[in-house]
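Letter by letter, the chains look like this.
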Amino acid sequence: MTHPTSNIRLFNTLTRQKESFSPINPGEVRMYTCGPTVYDYAHIGNFRAFLFEDLLKRWLKHRGFKVFQVMNVTDIDDKTIKGAQKQQIPLKQYTEHYAKAFFEDAKALNIEPADVYPRATEHIPEMVSLIKTLIAKGFAYKSEDGSIYYAISKFPEYGKLSHLKTQELKAGARVKVDEYAKEEAQDFALWKAWTPEDGEIFWETPLGKGRPGWHIECSAMSMKYLGETFDIHCGGIDNMFPHHENEIAQSEAATGKPFVHVWMHNEHLMVEGRKMAKRFGNFYTLRDLLAKNCDPKAIRYLLLSTHYRQQFNFTFEGLEAAKGAIERLTNLMRRLHDADGKGNGAKISQLIVKVQGCFGEAMDDDLNISVALASLFEFARDVNNLLDADELSKAEAEKVYALMEDFDKVLGVVGKIEEEKLPKEAALLIQKREEARKAKDWKTADEIRQQLKTMGFVIEDTAQGVRWRKEKA
Ligand SMILES: [Zn+2]
């Protein structure tokens, strides 16, 4: 069996460099993406990360790799506990609601499902066993209140992902909350001993009565499904510290092996020029946008169309432009579907080779989507010109159509082209015109042709009968 050899280069946060990518097992990429914390509906900043990961996965598949993707669902952490208690419902009932909403949203955005969606609450034994290993190896200790902490001073490489200097680390000081700032780099909780605030939410384990910290969840679940060392770990830039730094510390201390080869992080999302925040009135979940009748495909396109390592500014104007871009691609595919011109062998072949080269090279270069899209729209323009001149044969058009479908497998914004339906009155007019032609009443036939033209339909009489198409807007 031959394996794909790729020229894919990915920016690795660990080295802060673009590196040639080749997976550990030839032909198969194993990747982990930090999934949703199901305490609320996911906002569009979350979806920027999930869409970047979807694009990465689709591109790897386009280049011939098999991709095995694991995305966790965090259904136990500080935020989910707080949320469930506020609503006074069991944690499971609370998190299931938001998990279901997440899957619906992901589907609306045409995000390909991961292969496994492990839930944190279903992997407590794996977490306990990992913590026991860390204690046995001297990387973790029990504090006075029964909680178990990771001793960052025992792991000299702590800080290698976020490039934190070791002198900034406060050895011995402890932080128990799941999320904290860079300045608070200190021993973090692996296992949180039960306190009355936790109420009914606890597990009785060999480590005592309590619950896991957030960071250990991802180490335990990723290694369970992907092995001790795997290819790619993705997430939003705000997860780089402390979450991903802690994942490395936990996993590598336990196994003595490198945890992940390539770390990839997407940049922040801004909305209308500023940080998205409820207090600025620019905070949107996907559901908020769908309720405003925004097209999910346009949202997908917009969130994908800026390079993932660039800060991106979401605007409603941008959403309109995205809609226009998708329409251009869709219209081209419709026209290709109907094309039956005289043929133009050399020219279209050259255009195809060119766009395949440009699009591919750009995407291989750390998913340089803006350059890839620019080459695609240049191609679309050239093909439209050929169609205008009736220079594309049926076979050539079919070839271009198949190519466009290939590109759309990567972008996921056009989907199935529905046959355009002729409005009833236009259909009646065409029928009347046929009757006039049969009666050799050329004057009436011409008048009807004009009438259809003002309605936006172009009529052609061919050997196979009457053909119609919508006039290009
Ligand atoms: Zn994670």
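Refer to the preceding data block for the structure.
No experiment lies behind these values; they were computed from the predicted model shown.

## What about the environment of Met-223?
Then comes step 1: You can see Met-223 is positioned in helix H5 (residues 214-226).
Then comes step 2: Since its relative accessible area comes to 13%, Met-223 is described here as buried.

## Points about the nonpolar core
Then comes step 1: Leu-60, Ile-232, Phe-314, Leu-336 and Met-404 are the most contacted members of the largest nonpolar core, which totals 83 residues.
Then comes step 2: Top contributing element to this core by residue count: helix H11 (residues 369-388), with 10 residues.
Then comes step 3: When residues no more than four places from it in sequence are discounted, the contact partners of Phe-314 are Ile-44, Leu-269, Met-270, Val-271, Glu-272, Leu-289, Leu-302, Leu-303 and Leu-319.
Then comes step 4: In terms of nonpolar packing, the next biggest core, distinct from the first, is built from 53 residues, Val-38, Ala-140, Tyr-150 and Leu-207 among them.

## Some points on the packing of helix H10 (residues 345-364) against H11
Then comes step 1: Where H10 contacts H11, the two axes come as close as 7 Å, and the packing angle between them is 165°. By the angle class used here, H10 and H11 are roughly antiparallel. Every pair of crossing elements has a handedness; the one defined by H10 and H11 is left-handed. Between H10 and H11, the residues in contact are Lys-347, Ile-348, Leu-351, Ile-352, Lys-354, Val-355, Cys-358, Phe-359, Ala-362 and Met-363 and Ile-369, Val-371, Ala-372, Ser-375, Leu-376, Glu-378, Phe-379, Asp-382, Val-383 and Leu-386, respectively.

## What about the sheet that holds strand S3 (residues 28-33)?
Then comes step 1: As summarised here, the arrangement of the 4 strands in space is S4-S3-S11-S12, forming an open sheet in which the pairing is parallel. Strands with a single pairing partner mark the edges of an open sheet, and in this sheet they are strand S4 (66-71) and strand S12 (260-266). Along the sheet, successive strands turn relative to each other by an average axial angle of 25°, direction set aside.
Then comes step 2: Across 6 bridges, S3 lies against S4 in parallel orientation. Note that in S4 the partner of Val-29 across the bridge is Val-67.
Then comes step 3: Against the sheet, helix H1 (residues 44-62) makes contact with S3, S4, strand S11 (230-236) and S12, and its axis sits at roughly 150° relative to S11, the strand it touches most.
Then comes step 4: Lying over the sheet, H5 contacts S3, S4 and S11, oriented at roughly 160° with respect to S3.

## Concerning the packing of aromatic side chains
Then comes step 1: Counted under the stated rule, the structure contains 21 aromatic pairs.
Then comes step 2: Look at Phe-259 and Trp-263: their rings are 6.1 Å apart centre to centre, the planes differ by 55°, and that puts the pair in the tilted class.
Then comes step 3: Members of the aromatic cluster, connected to one another through ring pairs, are Phe-47, Phe-50, Phe-102, Phe-103 and Tyr-117.
Then comes step 4: Over the ring of Trp-194 we find Lys-209; its NZ or CZ atom is 4.2 Å from the centre of that ring.

Criteria and cut-off values
- Residues numbered from 1 in each chain as written.
- Predicted model: local features only at pLDDT ≥ 70, side-chain atom pairs only at ≥ 80, totals over all residues.
- Heavy atoms only, no water.
- Helix = DSSP H or I, 4+ residues; strand = E, 2+ residues; numbered from the N terminus.
- Buried < 20%, exposed > 50% of the residue type's maximum accessible area, 1.4 Å probe, protein only.
- Core = buried A, V, L, I, M, F, W, Y, C linked by side-chain atoms within 4.5 Å.
- Contact = heavy atoms within 4.5 Å.
- Axes fitted to C-alpha atoms, helices over the stretch in contact; angles between N-to-C directions.
- Parallel < 35°, antiparallel > 145°, perpendicular 65-115°, else oblique.
- Left-handed = near helix turned anticlockwise from the far one by under 90°.
- Pairing = 2+ DSSP bridges.
- Phe/Tyr/Trp six-rings, centres within 6.5 Å; stacked < 30°, edge-to-face > 60°.
- Lys NZ or Arg CZ within 6 Å of the ring centre and 35° of its normal.

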